[in-house]
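As a plain string of letters, each chain reads:
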Amino acid sequence: MNRVVIVTGAANGIGRGIANSYANNGDKVILADIDVEAGTKQTLELQEQGKEAMFIKTDVRIEQDIKNLINQTYQTYGKIDILINNAGKGLFKSPFDVTVEEWDDVIHTNLRSVFLCSREAARYMKQFGGSIVNIASTRALMSEAHSEGYAATKGGIVAITHALAASFSEYQITVNAISPGWIETGNYEELRKEDHDQHFSKRVGTPTDIANACLYLTDSKNNFVTGINLVVDGGMTRKMIYEE
């Protein structure tokens, strides 16, 4: 495909799966992550497979790191086609115990970074168009106790997605969100039958499920799709909780 794709939080978990899928698709992939060791290792593995990949250390809480990521990518390849805003962290703690520093940290990591990365990438995308995908969560739609900070950021990502879609529409830039459900990034074989069976899909998700959704949303043939939140959760948010 020969597109230039930036994936934040690309060294581990869902981001790693997304980066691999774009690389396997023939795209040039820029892996951005604060984890230098894992990011460098992943990049070298892709390069050894004959893929075109580059690692740029990026702390998405820092505006200058984001500007460096975007500028270095453009200086290297002369364009930016796709941005996947995947970087994020959890905050699961009683609201009575969460400090202002912890609150600000998760907001800056998960939500402010989406705005800053999207804005800086769009400065270059506006020349030829492009696609942005923001990784939200089904926790934007439902909650369990002690998840306020994480839920707030993911709800904010869903909202900022359609706002950016409106703002960037005149530049032929699509902006969409994906809300993953249970995506297992550890040992899939250790999951129990009941873990799988509680989903309509009868299985727990994998990073590939999210990567496939990204590939769909960033395919130029699908540019009629913009401003949406695509829920990829095996049907869990459509399941009644009552048992007979």
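Parameters and conventions
Residues numbered from 1 in each chain as written. Predicted model: local features only at pLDDT ≥ 70, side-chain atom pairs only at ≥ 80, totals over all residues. Heavy atoms only, no water. Helix = DSSP H or I, 4+ residues; strand = E, 2+ residues; numbered from the N terminus. Rg over C-alpha atoms; globule rule 2.2 N^0.38 Å. Areas by Shrake-Rupley, 256 points an atom, 1.4 Å probe, with all protein chains shown as cover. Buried < 20%, exposed > 50% of the residue type's maximum accessible area, 1.4 Å probe, protein only. Pairing = 2+ DSSP bridges. Right-handed = clockwise from strand over helix to strand, strands pointing away. Salt bridge = Lys/Arg side-chain N within 4 Å of Asp/Glu carboxyl O.

(A) How the structure looks around the overall build of the protein chain. Scanning the protein chain from terminus to terminus reveals 7 helices and 7 strands. The helix and strand sequence of the protein chain, counted from the amino end, reads β-α-β-α-β-α-β-α-β-α-β-α-α-β. For 244 residues, the compact-globule estimate of 2.2 N^0.38 gives 18 Å, and the protein chain sits close to it at 18 Å. When its C-alpha atoms are laid out on the principal axes, the protein chain stretches across 60 × 40 × 40 Å. Counting only carbon and sulfur atoms, one obtains 51% of the accessible surface of the protein chain, whose full area is about 12200 Å².

(B) Local environment of the pairing of strand β3 (residues 53–57). Among the 5 residues that make up β3, 4 are buried, leaving the element largely enclosed by the rest of the structure. Note: strand β2 (residues 28–33) against β3, 5 bridges, orientation parallel. Each residue of the ladder has a partner; that of I30, found in β3, is M54. Assessed by its sense of winding, the connection that carries the chain from β2 through helix α2 (residues 36–48) to β3 is right-handed.

(C) Region of the structure containing the pattern of salt bridges. For the coordinates displayed, the defined rule picks out 17 salt bridges. The salt bridge partner of E45 is R16, with a shortest N-O separation of 3.2 Å. Here the residue E45 occupies a position in helix α2, and R16 occupies one in helix α1 (residues 13–24), the gap between them amounting to 29 residues. Exposure remark for E45: the relative accessible area of 27% places this residue in the partly exposed category.

(D) Main features of unusual backbone geometry. The backbone of Q172 shows a phi angle near 60°, a positive value even though the residue is not glycine. Within the fold, Q172 resides in the loop between α5 (148–168) and β6 (173–180). A residue is classified by how much of its surface remains accessible, and Q172, at 57% relative accessible area, is exposed. Even without being a glycine, K202 presents a positive backbone phi close to 65°.

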